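# Overview (structure and organization)
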Amino acid sequence: MGMEEGIKDNASPPPNMRHTNQSRALLPMRVLQVFLLFFVLVLGISVVSMHMIKYLKIQTFAPSTLISPYDERVTLESFIKPPSSVWHFMNDSELLWRASMQPGIYRYPFKRVPKIAFMFLTKGPLPFAPLWERFFEGHESFYSIYVHALPNYRSGFPSSSVFYRRQIPSQPVAWGEMSMCDAERRLLANALLDISNEWFVLLSEACIPVRGFNLVYNYISRSRYSFMGSVDENGPYGRGRYSYAMGPEVRLSQWRKGSQWFEINRGLAVEIVEDIVYYNKFKEFCRPPCYVDEHYFPTMLYIGYSDMLANRTLTWTDWSRGGAHPATFGKADITERFLKKLSRGHGCYYNDQPSQVCYLFARKFAPSALKPLLKLAPKVLGF
Ligand SMILES: *[C@@H]1O[C@H](CO)[C@@H](O)[C@H](O)[C@H]1NC(C)=O
Ligand SMILES: *[C@@H]1O[C@H](CO)[C@@H](O)[C@H](O)[C@H]1NC(C)=O
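Under the UniProt heading Subcellular location (unreviewed entry), the note attached to the chain is "Membrane".

So, about the overall build of the chain. Helix and strand counts for the chain stand at 13 helices and 11 strands. Considering the chain as a whole, with its 383 residues, one finds that 30% of them fall into the buried category. Considering only contacts within the chain whose residues lie at least 6 apart along the sequence, 79% involve residues at least 24 apart.

Another aspect to go through is the site of ligand 1. Taken together, the residues surrounding ligand 1 are Asn91, Asp92, Ser93 and Glu94. Of the residues in the shell around ligand 1, the class split is no nonpolar, 2 polar and 2 charged.

So, about helix H13 (residues 370-381). Between its first and last C-alpha atoms H13 spans 14 Å; for 12 residues at 1.5 Å apiece the expected length is 16 Å, and the helix comes up short by more than 12%. All of the buried residues in H13 are Leu373, Val380 and Leu381. For H13, the angular spread of the buried residues around the axis is 65°, confining them to a single face. Turned more than 90 degrees from where H13 packs its buried face, Lys371, Lys375, Pro378 and Lys379 sit exposed. Looking at the packing, one finds that the buried side of H13 touches helix H6 (129-136), strand E4 (208-209) and helix H12 (336-344). Where H13 terminates, the next one or two residues include Gly382, which has phi positive at roughly 90°.

So, about the sheet that holds strand E11 (residues 361-362). The sheet built from 3 strands is open, its strands ordered E4-E11-E8 with mixed pairing. A strand with exactly one partner marks an edge of an open sheet, and here the two such strands are E4 and strand E8 (315-316). Examined bridge by bridge, E8 and E11 share 2 bridges and lie parallel to one another. The partner of Trp316 across the bridge, within E11, is Ala362.

Helices that pack against each other are described as a pair by the angle of their axes relative to one another and the distance between those axes. One can describe the packing of H12 onto H13 by two numbers: an axis separation of 10 Å at closest approach and a directional angle of 50°. Taken together, H12 and H13 sit at an angle that is classed as oblique. The interaxial crossing formed by H12 with H13 has right-handed handedness. Across the interface between the two elements, Glu336, Leu339, Lys340 and Ser343 from H12 touch Leu376, Val380 and Leu381 from H13. Taken together, the residues that form the contact of H12 with H13 break down as 4 nonpolar, 1 polar and 2 charged.

Once that is clear, we can look at the packing of helix H7 (residues 178-192) against helix H9 (residues 266-274). For the pair H7 and H9, the least separation of the axes is 9 Å and the interaxial angle reads 125°. One way to sum up the angle between H7 and H9 is to call them oblique. Regarding H7 and H9, the two cross each other, and that crossing is left-handed. Seen from H7, the contacting residues are Arg185, Leu188, Ala189 and Leu192; seen from H9, they are Ala269, Val270, Ile272 and Val273.

About the thresholds
- Residues numbered from 1 in each chain as written.
- Chains lettered and ligands numbered in written order.
- Predicted model: local features only at pLDDT ≥ 70, side-chain atom pairs only at ≥ 80, totals over all residues.
- UniProt positions renumbered as here; feature names shortened; annotations may be inferred.
- Helix = DSSP H or I, 4+ residues; strand = E, 2+ residues; numbered from the N terminus.
- Buried ≥ 20, exposed ≤ 12 C-beta atoms within 10 Å, placed from the backbone.
- Contact = placed C-beta atoms within 7 Å.
- Near = placed C-beta within 6 Å.
- Nonpolar A, V, L, I, M, F, W, Y, C, P; charged D, E, K, R; others polar.
- Expected span 1.5 Å × (residues − 1).
- Arc of directions from axis to C-beta.
- Pairing = 2+ DSSP bridges.
- Axes fitted to C-alpha atoms, helices over the stretch in contact; angles between N-to-C directions.
- Parallel < 35°, antiparallel > 145°, perpendicular 65-115°, else oblique.
- Left-handed = near helix turned anticlockwise from the far one by under 90°.

Pasting the structure below:
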């Protein structure tokens, strides 16, 4: 049985065994089919994914790798458009250096509307802000504002105010000392960063405008001279403050005195921020009772640029009461007659012609003067 079975086994394998043998023969074919299918699939996937990668590269990688140089968009606007806030993180040496840069080509390849920079030197509050707001209203592209307050002072002007975010980085200021001129140079330097600023007016928190904006703009922009007071005064408060140690750069005959409250053009503003020679002389040899803010700029500009100066200030001040400080006017002083007198009752030269309009600003005013000034301004001052 065993043998038979054995022969049987050899002669014809049982049906299930035959099946297995058939499978054995078919197996390589199946493997080949599956392999081929798999190969085609892989090939297909890789072709598709290669296209996908190309596609994705263009869509997602390309903008950052290929277009990034253009992302920064270095256009002329990025040089000429000032930032909306005047705050920055430059120290004084960096700021003055940056501000001393001037274009060498004076034909501007863009429409430049020259502006007046109004620079407020204050301890903190600006009591006449509401009056100034009214003065500036409607003249947005013709002015810019800079405020130098004590370093810790934070003003609370709303975003609708012309003074909003106009406070510049500052340092403490001592009256009559070089730190005062430093503050003025800092204001000039900040204002010079805006290429559109062409004229620079220094004001205090006790100053008010006594003419309408259009008149102020035309008066300043059409003047051949800058309004820097610069007089050769005899006596202890003039030549008496000169020190021979300032020679040879500053001689006694060149010593000048003028009001701190000036208006100068861009060229002179650059001269002031660039100066090192006179700065060092005045810092060392003009100390109280030599009040450096009354002598440094007037003398320095007289030496280099006397033919560009009007030798008078645009800011009316009443020194008639005598002493080191001028008169301050409060609520009771503000009458129509008083305002007419201070804005019109004078004679001077404007562009070498006699003129009745001599002052555009006035000081000093106490905060109590605000209310009557707001009331009388439309009728008497023209804004
Ligand atoms: C401003 O910073 C630079 C670089 O740190 C320094 O050399 C310079 O002395 C600083 N100037 C002032 C006025 O602090
Ligand atoms: C101001 O004074 C200087 C020097 O004395 C003179 O050259 C200049 O012409 C004066 N300016 C005006 C507008 O008179």
